[in-house]
Amino acid sequence: MTTDIQLKIDEDIIDSGMISLETDDYKNADKDDLELYKPTADDPELIISVHRNTGKILYIELDCFTTKMKDVIIRLRDYPLPWTFSLHSLGIVEKPLDEVLLAVCEKYKDVKMEWE
C-alpha cells in the first residue's frame, strides 16, 4: 500500500443510505478536474473521484450501503486499491478502503433511513 488518504465523513447524508467520504481538498477542487476511478466495472454503487492532474483521491461515495455493502467489500478485497485510508473520527488509521467502509457501516447501522 502507498499514500495514506485522510478522509472525513459527511454525516448529514448518512440517513439517505449513502456513505460520503471526502478529503480536505475536495470542497475547493474544481469539479471539472475530477475523474472517475473504477477498481472494477462491477461497482456502480462505489464512486471514487480523483483529481485529473494530481491523481489524488478527493471523494469516495458508496450508495445503497445498507444493501450493497457485502458485494462492494468482496470486490475491494479481490481487487484492493493501492492506497490506505484514515478516518480519524472513527479511530481508523492507514487501513484499506474495505475496512473503512465496514467501520462506517457498523457505526451507522442503526440510523433510521429517511424512507423508513
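To be clear, the structure that these remarks concern was listed above.
Asks: Describe the overall build of the chain, listing the residues and the values that go with them.
Replies: A count of helical and extended segments in the chain gives two helices and eight strands. Tracing the chain from N to C terminus, the helices and strands come up as β-β-β-β-β-β-α-β-β-α. Computed over the C-alpha atoms, the radius of gyration of the chain is 14 Å, within 12% of the 13 Å expected from 2.2 N^0.38 for a compact globule of 116 residues. Across its three principal directions, the C-alpha atoms of the chain cover 40 × 30 × 30 Å. Counting over 116 residues, the chain shows a buried share of 42%. Here the contacts in the chain between residues at least 6 apart in sequence split such that 58% fall between residues at least 24 apart. For the chain, the exposed area adds up to about 6700 Å²; of that, 47% sits on carbon and sulfur atoms. Taking the average location of the 14 positive side-chain charges in the chain and that of its 26 negative ones, the two points are 3 Å from each other.

Asks: Explain helix α1 (residues 65-78) to me, and be specific about the residues and the numbers.
Replies: Along its 14 residues, α1 runs 18 Å from first to last C-alpha, staying within 8% of the 20 Å computed at 1.5 Å per residue. The set of residues buried in α1 consists of Phe65, Met69, Val72, Ile73, Arg75 and Leu76. Looking at the buried residues of α1, the elements they touch are β3 (18-22), β5 (46-51), β6 (57-63) and α2 (97-107).

Asks: Quick one: what's the story with the side chain of Asp98, residue by residue and with numbers?
Replies: If you trace the backbone, Asp98 turns up in helix α2. Filtering out sequence-adjacent residues up to four positions away, Asp98 remains in contact with Ile73, Leu76 and Arg77.

Asks: Run through the packing of aromatic side chains, naming residues and quoting values.
Replies: Following the criterion strictly, the structure yields two aromatic pairs and no others. Ring plane angle 20 degrees and centroid distance 4.7 Å describe the contact between Tyr26 and Tyr59, whose orientation is recorded as stacked. Residue Tyr26 is found in the loop between β3 and β4 (34-37), and its partner Tyr59 is found in strand β6; the two are separated by 33 residues along the sequence. Each of the two residues, Tyr26 as well as Tyr59, counts as buried. Measuring from ring centre to ring centre gives 5.2 Å for Tyr37 and Trp83, while their planes differ by 75 degrees; the resulting arrangement is edge-to-face. Of this pair, Tyr37 sits in strand β4 while Trp83 sits in the loop between α1 and β7 (84-87), placing them 46 residues apart in sequence. In this structure Tyr37 comes out as partly exposed when scored by relative accessible area, which is 27%.

Asks: Explain the pairing of β6 to me, and be specific about the residues and the numbers.
Replies: Along a regular strand, successive side chains alternate from one face of the sheet to the other. Along β6, six of the seven residues are buried, which leaves the element largely enclosed by surrounding structure. As defined by bridge partners, β3 adjoins β6 across five bridges and the pair is classed as antiparallel. Within β6, the residue paired with Met18 across the bridge is Asp63. Relative to β6, β5 runs antiparallel, the two being bridged by five bridges. Paired with Ile48 across the bridge in β6 is Ile60.

Calculation notes
- Residues numbered from 1 in each chain as written.
- Predicted model: local features only at pLDDT ≥ 70, side-chain atom pairs only at ≥ 80, totals over all residues.
- Heavy atoms only, no water.
- Helix = DSSP H or I, 4+ residues; strand = E, 2+ residues; numbered from the N terminus.
- Rg over C-alpha atoms; globule rule 2.2 N^0.38 Å.
- Buried < 20%, exposed > 50% of the residue type's maximum accessible area, 1.4 Å probe, protein only.
- Contact = heavy atoms within 4.5 Å.
- Areas by Shrake-Rupley, 256 points an atom, 1.4 Å probe, with all protein chains shown as cover.
- Lys, Arg positive; Asp, Glu negative; His and termini not counted.
- Charge placed at Lys NZ, Arg CZ, Asp CG, Glu CD.
- Expected span 1.5 Å × (residues − 1).
- Phe/Tyr/Trp six-rings, centres within 6.5 Å; stacked < 30°, edge-to-face > 60°.
- Pairing = 2+ DSSP bridges.

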